[in-house]
Amino acid sequence: MFSKQLPTLQTYWDSTSLKAFLNCPRKYQYQIIEGWVPQQTALDLDFGIRYHACLERADRLRAAGADLTAQLSAATRQAMSEPEFENPSPQKNRFTLVRSVVWYLLHHANNMPKHLSPNHVELPFRFATELSYSGESIFLCGHMDGVVENMEGIFSLERKTTGKTLNSQYFDSFTPDPQITIYTLASKVVLHVPAKGVLLDACQTVVNFSAFDRRPIHRTPGQLEEFMRDLAHWLRNAVQYAEQNHWPMNEASCRICAFNRVCSKDPAVRDSFLQADFKKKFWNPLQERTSATRDSNNPHGAESSTPTA
Amino acid sequence: MSSSETSVDLTELFSKQPDLLTEEETWKIISVLRTARDGWELEKVAAQQKGKRSPRPSAGISAKTALKNSALDDLFNDPEIKSLMEEL
C-alpha cells in the first residue's frame, strides 16, 4: 500500500487512511504509517469486522435464495465461531456481537437490503486517481458491503456499528464524509452502476440492547467532482510530507484525539508514551476483510493481497 | 427478560468450544436472544406510552415558569401578604 520509491508515501488510500490524514498529519503518521492504535480503537474495529463478516454470510445466503432460518443459523454460528475479543468492553464483547447479529436479522426480517445480484455482496474495490508519484499511480480503495437497490434507486451498502443514538444528528454527520463519497464514486467508476449514494445500515450497540436504523446518504455529481478536486490537493500535501518525512501536527484537532496524551508530551519522551499506551496494529486497506485483517504484519510493500473488484 | 438474565442463561453455551456447538444449541441461543428482544421491544413500547401519558406543562408555559407561578401563588396566599394587599 506504500510507494516502492518513497516508503512513507501511501499509494492505496482508503477512507480510514484519508480521514486520519485530513484530521491531522501527525495522527496519520502514528496510526497509519507507524501502526499505533489505542486499545478502544482496536476493539471498535475488531467488533465491526466480525459484525460485517456475520452479516456478509447472511447476505450471501439470502442473495442465493436462502430463507431467514438458514441466514439466522449461519450468521449465529459465524458469530459464535470466534473467541472472545482481546479487550472486551461491556458494550462490545462476544455476547453483544451475537445479540447484534441475531437482532439485526430479526429486526430487518421483512426489509432486508436487496442486492443487485449474488455477485454484489462484499466488494473490494480500487481505482486510480489522476495523481501519480514517479510513475506509480495513486489509488483509492476500500470494501463495500454490497450494492443494493430500493424504491429510490441504487446505493452502495455500508454497515456501521456505534455506541451513538441513531437519530438525524448521527446520519447527518456523514455529509460531508470521505467514505460515503469514495464509495459512491467507486460504485460509478468501478462497478458502473448509477449509485445515488450510500445506504447506511447502522447498529447501535450498548450494554442492554442493540438498535437499528437505515437511511440513504446522497451525493450529487457536483459533490463528487468537488471531492476529487480537493483530494488532489490533499494528496499533493501527503507527497510533500512524505518527501520531507515530516508530518505536522494539526493542533486544532488535538482536543478530541486519542493521541493527545502523546502529543501533549515533550517530543523527546513521546515514544515511551506510545509504547506504554498504544498497541501496534497496522491498517492495510488492501487486505481481505476478515477478523485477521488487522494483525501486526507491516503492510509497507504488501500490496498484492486482495484482488480488484 | 433483561440482557443480564440472558447472558446467565447462555453462559454455558458461550463457554463451549465454538466448533463443538450443535445446530440445536445454535437455535437455543437464537431462541433466548429472540425472547430477550421481544422483552426489550415491550419495555420500549411501555416506556414510550408512559412518556405520552405523563403530565406535560401547559402549552407555552415552561416548567420553570410553572414553578415561578406556583411560588407566586404561595406568596399571594400567605395571610400576611393577603392583609397587606387588602390594605393597599
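Remember, it's a predicted structure, so these values are computed and weren't measured experimentally.

Quick look at the interface of chain B and chain A
Turning to step 1, where the next piece is worked out: Counting residues at the interface gives 20 residues for chain B and 20 residues for chain A.
Turning to step 2, where the next piece is worked out: A combined buried area of about 1,800 Å² lies between chain B and chain A, and 71% of that area is made up of carbon and sulfur atoms.
Turning to step 3, where the next piece is worked out: At the boundary of chain B and chain A, one finds one salt bridge.
Turning to step 4, where the next piece is worked out: The salt bridge involving arginine 77 of chain A is made with glutamate 23 of chain B; its shortest N-O contact spans 3.5 Å.
Turning to step 5, where the next piece is worked out: Mapped by element, the contributors of at least two residues to the side of chain B that touches chain A are helix H1 (3–15) and helix H2 (23–53) of chain B.
Turning to step 6, where the next piece is worked out: At 10 residues, the largest contribution of residues to the side of chain B that touches chain A is made by H2 of chain B.
Turning to step 7, where the next piece is worked out: Classifying every residue of the side of chain B that touches chain A gives 11 nonpolar, five polar and four charged.

Focus on the pattern of salt bridges
Turning to step 1, where the next piece is worked out: Enumeration according to the criterion identifies 17 salt bridges over all chains in this entry.
Turning to step 2, where the next piece is worked out: In this structure, glutamate 41 of chain B engages arginine 37 of chain B in a salt bridge whose closest nitrogen and oxygen atoms are separated by 3.6 Å. Separated by four residues within a single helix, glutamate 41 of chain B and arginine 37 of chain B lie in helix H2, roughly one turn from each other.
Turning to step 3, where the next piece is worked out: With a shortest N-O distance of 3.5 Å, lysine 44 of chain B and glutamate 41 of chain B are connected by a salt bridge. Linking lysine 44 of chain B with glutamate 41 of chain B, this pair stays in helix H2, spanning three residues, or about one helical turn.
Turning to step 4, where the next piece is worked out: Overall, lysine 44 of chain B belongs to the partly exposed group, its relative accessible area being 33%.
Turning to step 5, where the next piece is worked out: The structure contains a network of salt bridges with shared partners spanning Asp59, Arg62, Arg159, Asp201 and Arg214 of chain A.

Things to note about the side chain of lysine 279 of chain A
Residues and elements named next belong to chain A.
Turning to step 1, where the next piece is worked out: Along the polypeptide, lysine 279 turns up in strand E8 (residues 278–280).
Turning to step 2, where the next piece is worked out: Owing to a relative accessible area of 14%, lysine 279 belongs among the buried residues under this scheme.
Turning to step 3, where the next piece is worked out: Engagement of the side chain of lysine 279 in a polar contact is seen with the side chain of glutamate 86, the distance being 2.7 Å.
Turning to step 4, where the next piece is worked out: Contacts of lysine 279, omitting those with residues within four sequence positions, involve Gly35, Trp36, Val37, Gln39, Ala42, Glu86 and Asn87.

Let's talk about the pairing of strand E5 (residues 153–162) of chain A
All names here are of chain A.
Turning to step 1, where the next piece is worked out: Counted residue by residue, E5 has 10 buried out of 10 residues, so it is predominantly covered.
Turning to step 2, where the next piece is worked out: Inspection of the sheet shows strand E4 (residues 136–150) paired to E5 by five bridges, in the antiparallel sense. Note that in E5 the partner of valine 147 across the bridge is serine 156.
Turning to step 3, where the next piece is worked out: The antiparallel hairpin formed by E4 and E5 contains two residues in its connecting segment.
Turning to step 4, where the next piece is worked out: Relative to strand E6 (residues 197–205), E5 runs parallel, the two sharing seven bridges. Paired with lysine 160 across the bridge in E6 is alanine 202.

Observations concerning the pairing of strand E7 (residues 210–218) of chain A
Residue and element names in this part refer to chain A.
Turning to step 1, where the next piece is worked out: Bridge count between E6 and E7: nine bridges; the pairing is antiparallel. Within the sheet, the bridge partner assigned to threonine 205 lies in E7 and is serine 210.
Turning to step 2, where the next piece is worked out: Linkage of E6 to E7, two consecutive antiparallel strands, is achieved through a turn of four residues.

Here's the deal with the nonpolar core
Turning to step 1, where the next piece is worked out: By size, the foremost hydrophobic cluster in this structure holds 51 residues, and its most contacted members are Trp13, Tyr28, Phe125 and Met144 of chain A.
Turning to step 2, where the next piece is worked out: No other element matches the nine residues that helix H8 (residues 221–244) of chain A contributes to this core.
Turning to step 3, where the next piece is worked out: Contacts of tyrosine 28 of chain A, omitting those with residues within four sequence positions, involve Phe2, Gln10, Trp13, Ser17, Ala20, Phe21, Ile33 and Trp247 of chain A.
Turning to step 4, where the next piece is worked out: One finds Ala58, Val101 and Leu106 of chain A together with Ile30 of chain B within the second-largest nonpolar core, a separate group that totals 34 residues.

Points about the confidence of the model for chain A
All names here are of chain A.
Turning to step 1, where the next piece is worked out: Chain-level pLDDT for chain A is 92 on average; 93% of the residues reach the 70-or-more range.
Turning to step 2, where the next piece is worked out: Note that pLDDT drops below 50 for residues 291–297; the model gives that stretch 21 contacts with residues more than four away or on any other chain.
Turning to step 3, where the next piece is worked out: A low-confidence stretch, residues 301–309 stays under pLDDT 50, and its non-local contacts, those more than four residues away or across chains, total 27 contacts.

A few points about the side chain of arginine 159 of chain A
Residues and elements named next belong to chain A.
Turning to step 1, where the next piece is worked out: Note on placement: arginine 159 falls in strand E5.
Turning to step 2, where the next piece is worked out: What makes arginine 159 buried here is its relative accessible area of 2%.
Turning to step 3, where the next piece is worked out: When neighbours within four sequence positions are excluded, arginine 159 is seen to be in contact with Tyr51, His52, Leu55, Asp59, Arg62, Tyr104, Pro113, Asp145 and Asp201.

Looking at the packing of helix H7 (residues 178–189) of chain A against H8 of chain A
Residue and element names in this part refer to chain A.
Turning to step 1, where the next piece is worked out: Remark: H7 packs on H8, axes separated minimally by 10 Å, with the N-to-C direction vectors making an angle of 110°. Here H7 is positioned roughly perpendicular relative to H8, judged by the angle of their axes. Listed contacts from H8 to Pro178, Thr181, Ile182, Thr184, Leu185 and Lys188 of H7 are Leu224, Phe227 and Met228.
Turning to step 2, where the next piece is worked out: Looking at side-chain class alone, the contact of H7 with H8 contains six nonpolar, two polar and one charged residues.

Re the packing of helix H3 (residues 39–63) of chain A against helix H5 (residues 94–107) of chain A
Helix packing for two helices is described by the angle between their axes and how far apart those axes are.
All names here are of chain A.
Turning to step 1, where the next piece is worked out: Contact geometry of H3 with H5 gives a least axis separation of 10 Å together with a crossing angle of 35°. Viewed along their axes, H3 and H5 form a crossing whose handedness is right-handed. Contact residues: Phe47, Arg50, Tyr51, Cys54, Leu55 and Ala58 in H3; Thr96, Leu97, Ser100, Val101, Tyr104 and Leu105 in H5.
Turning to step 2, where the next piece is worked out: Within the contact of H3 with H5, the residues separate by chemical class into nine nonpolar, two polar and one charged.

Examining H7 of chain A
Residues and elements named next belong to chain A.
Turning to step 1, where the next piece is worked out: With 12 residues, H7 ought to run about 16 Å at 1.5 Å a step, and its terminal C-alpha atoms sit 16 Å apart, in line with that.
Turning to step 2, where the next piece is worked out: Across the 12 residues that make up H7, a large majority, 10, are buried.
Turning to step 3, where the next piece is worked out: All of the buried residues in H7 are Pro178, Gln179, Ile180, Thr181, Ile182, Tyr183, Thr184, Leu185, Ala186 and Ser187.
Turning to step 4, where the next piece is worked out: One side-chain oxygen of the residue at the start of H7 lies 2.9 Å from the amide nitrogen of glutamine 179, identifying that residue as aspartate 177.

Rules used throughout
Residues numbered from 1 in each chain as written. Chains lettered and ligands numbered in written order. Predicted model: local features only at pLDDT ≥ 70, side-chain atom pairs only at ≥ 80, totals over all residues. Heavy atoms only, no water. Contact = heavy atoms within 4.5 Å. Buried area = accessible area lost by both parts, 1.4 Å probe. Salt bridge = Lys/Arg side-chain N within 4 Å of Asp/Glu carboxyl O. Helix = DSSP H or I, 4+ residues; strand = E, 2+ residues; numbered from the N terminus. Nonpolar A, V, L, I, M, F, W, Y, C, P; charged D, E, K, R; others polar. Buried < 20%, exposed > 50% of the residue type's maximum accessible area, 1.4 Å probe, protein only. Polar contact = N/O pair within 3.5 Å; in protein donor to acceptor, adjacent residues only side chain to side chain. Pairing = 2+ DSSP bridges. Core = buried A, V, L, I, M, F, W, Y, C linked by side-chain atoms within 4.5 Å. pLDDT = per-residue confidence, 0-100. Axes fitted to C-alpha atoms, helices over the stretch in contact; angles between N-to-C directions. Parallel < 35°, antiparallel > 145°, perpendicular 65-115°, else oblique. Left-handed = near helix turned anticlockwise from the far one by under 90°. Expected span 1.5 Å × (residues − 1).

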